[in-house]
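Residue strings, one per chain:
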Amino acid sequence: MTEEDRNVGPLAGIRILEVGHILAGPYATMMLADLGAEVTKIEPPTGDLSRQVSDAYFASLNRGKRSICLDLSSDEGQRKLGELAAGAHALLVNLKPSAIRRFGLTYEALRSHNDKIVCVALTGYGLNSGDDPAFDYVIQAVTGVASLTGDPDGPPTLPGYSAADNSTGLTAALGLLAQIVSGRGGQLDVSLRDVMLSQLNYRASAYLNEGTEPKRMPNGAHSYYVPAQLFPTSDGTLALFITHDGFWRVFAAEAGIAGFETMAERASRRDEVLEVVTAVLARDTASGWEQRLRPLGVPAAAVRSLPDALEATPEAIVTAGDFRLVGSPIRVEGYEPRYGAPPRLGEHDEVPTSSV
């Protein structure tokens, strides 16, 4: 395979337009750009709001893209939008519904320019559900995610990153590609609310079908599996995730624990199991248990900081222009992504784009 072949991504030749700000939409299109798609950001004269956060923040969501400045409220901006749509496979928009319609960023508005274009509306509650403010933390609150996070004796809490935005971005990218593969243009509607409800799948199913109301568990314990949670050790915290009886047998043998041989028994005697396991794990450090259990195939890891995790996985870090970033999580055999620099605002205003 030649060097040129290795740099041809699976989405080479796919042209995607992006309109939006901050995280969910730009994250979706960056994943597609990493796979070889040509992504053009259509930014207002003031730029994507994430440019105001920091250069590193903007780079983490926009490497390898083109940037064109357009005032979509003007006749000239709308004319140029039509030209771009005529040469694109897809448009992904991350704005509130009224703005999406006002700026003509729907399939209905653009089909006269290109009836094969795929238009994805990424919103808080749905394209037809109004403009209620919807940001990541708000969505985690409204869908029940926050109520399930944290210690049961403390207040609800949130993870330390934008779980709703990132998850919705990936879902939108999946829907966009599916519609392109179908060969049909059309309107797709992906909302943060719906994605987070979908990700509560087994929790929602237990409630809808069994009447089991979800509740927060101490130490992030899993609602079904025992023991599957965080445990204190003599030094540090260990994540232990025993999901079936085979894992338990191996762990119990290494830890010197007798009994509790079936998942049903461990679930019914949860408090007893956790008391025994907690006492045993206190005899060694988190890293010590990780080193003992991993070679045995037992899912366990010491809780690390992000700097420690990055130091342990240098292969995950790439260079994009002047920035060091985490690279694409999708590894395609024979393809090495070109991680381009994040674009300057309006950098490609005078650079022609390809046509479909």
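Values in this document were obtained by computation on a predicted structure and should not be read as measured data.

Undergrad: Describe the sheet that holds strand E7 (residues 228–232), listing the residues and the values that go with them.
TA: Pairing is antiparallel across the open sheet formed by three strands, whose spatial order is E7-E8-E9. Edge strands, defined here as strands with exactly one partner in the open sheet, are E7 and strand E9 (300–302). Strand-to-strand, the axes of this sheet are offset by a mean angle of 20°, without reference to chain direction. Together, E7 and strand E8 (237–241) form the strand contacts of helix H13 (residues 270–281), whose direction differs from that of E7 by roughly 45°. Contacts between helix H14 (residues 286–293) and the sheet are confined to E8 and E9, with E9 contributing the most and set at about 150° to the helix.

Undergrad: Before we move on, could you go through the nonpolar core and cite the residues and values that matter?
TA: Core analysis: the biggest nonpolar cluster contains 29 residues, and Ile16, Leu32, Ala37, Leu92, Val120 and Leu176 have the highest contact counts within it. Of all the secondary-structure elements, those providing two or more residues to this core are helix H2 (24–34), strand E4 (90–94), strand E5 (118–123), helix H8 (163–182), strand E6 (186–191) and helix H9 (192–199). Sequence-distant contacts of Leu32, defined by excluding residues within four places in its chain, comprise Leu11, Ile16, Ala37, Ala173, Leu176 and Leu177. Counting 23 residues, the second largest nonpolar core, distinct from the first, contains Leu70, Leu72, Tyr107 and Ile117.

Undergrad: Lay out the sheet that holds E6 in plain terms, naming residues and giving numbers.
TA: The pairing of strands in a sheet happens through backbone hydrogen bonds and is either parallel or antiparallel. Pairing within the open sheet is parallel, and its six strands lie in the order E3-E2-E1-E4-E5-E6. Strands at the two margins of the open sheet, each flanked by one partner only, are strand E3 (66–69) and E6. Pairs of neighbouring strands in the sheet enclose a mean axial angle of 20°, with direction left out of account. Pairing analysis gives four bridges linking E4 to E5, with the strands arranged parallel. Looking at the pairing, Leu91 lines up with Cys119 of E5.

Undergrad: Got a sec to walk through the domain arrangement of the protein? Specific residues and values, please.
TA: By domain assignment, the protein separates into domain 1 (3–200 + 316–326) and domain 2 (237–302). Look at where the C-alpha atoms of domain 1 and domain 2 centre, and you get two points 41 Å apart.

Undergrad: Can you explain unusual backbone geometry? Please cite residues and give values.
TA: Put simply, Val226 and Pro227 share a cis peptide bond, and its omega is -5°. Even without being glycine, Ile22 reaches a positive phi, approximately 65°. Take Ile22: it is sitting in the loop between strand E1 (15–20) and H2. According to the relative accessible area criterion, Ile22 is partly exposed, its value standing at 26%. Of note in the backbone geometry, Asn219 takes a positive phi value of approximately 60° without being a glycine. Position of Asn219 among the secondary structure elements: in the loop between helix H10 (201–210) and E7. Relative accessible area serves as the criterion here: at 40%, Asn219 is assigned to the partly exposed category.

The rules behind the values
Residues numbered from 1 in each chain as written. Predicted model: local features only at pLDDT ≥ 70, side-chain atom pairs only at ≥ 80, totals over all residues. Heavy atoms only, no water. Pairing = 2+ DSSP bridges. Helix = DSSP H or I, 4+ residues; strand = E, 2+ residues; numbered from the N terminus. Axes fitted to C-alpha atoms, helices over the stretch in contact; angles between N-to-C directions. Contact = heavy atoms within 4.5 Å. Core = buried A, V, L, I, M, F, W, Y, C linked by side-chain atoms within 4.5 Å. Buried < 20%, exposed > 50% of the residue type's maximum accessible area, 1.4 Å probe, protein only. Domains from an automatic or database assignment.

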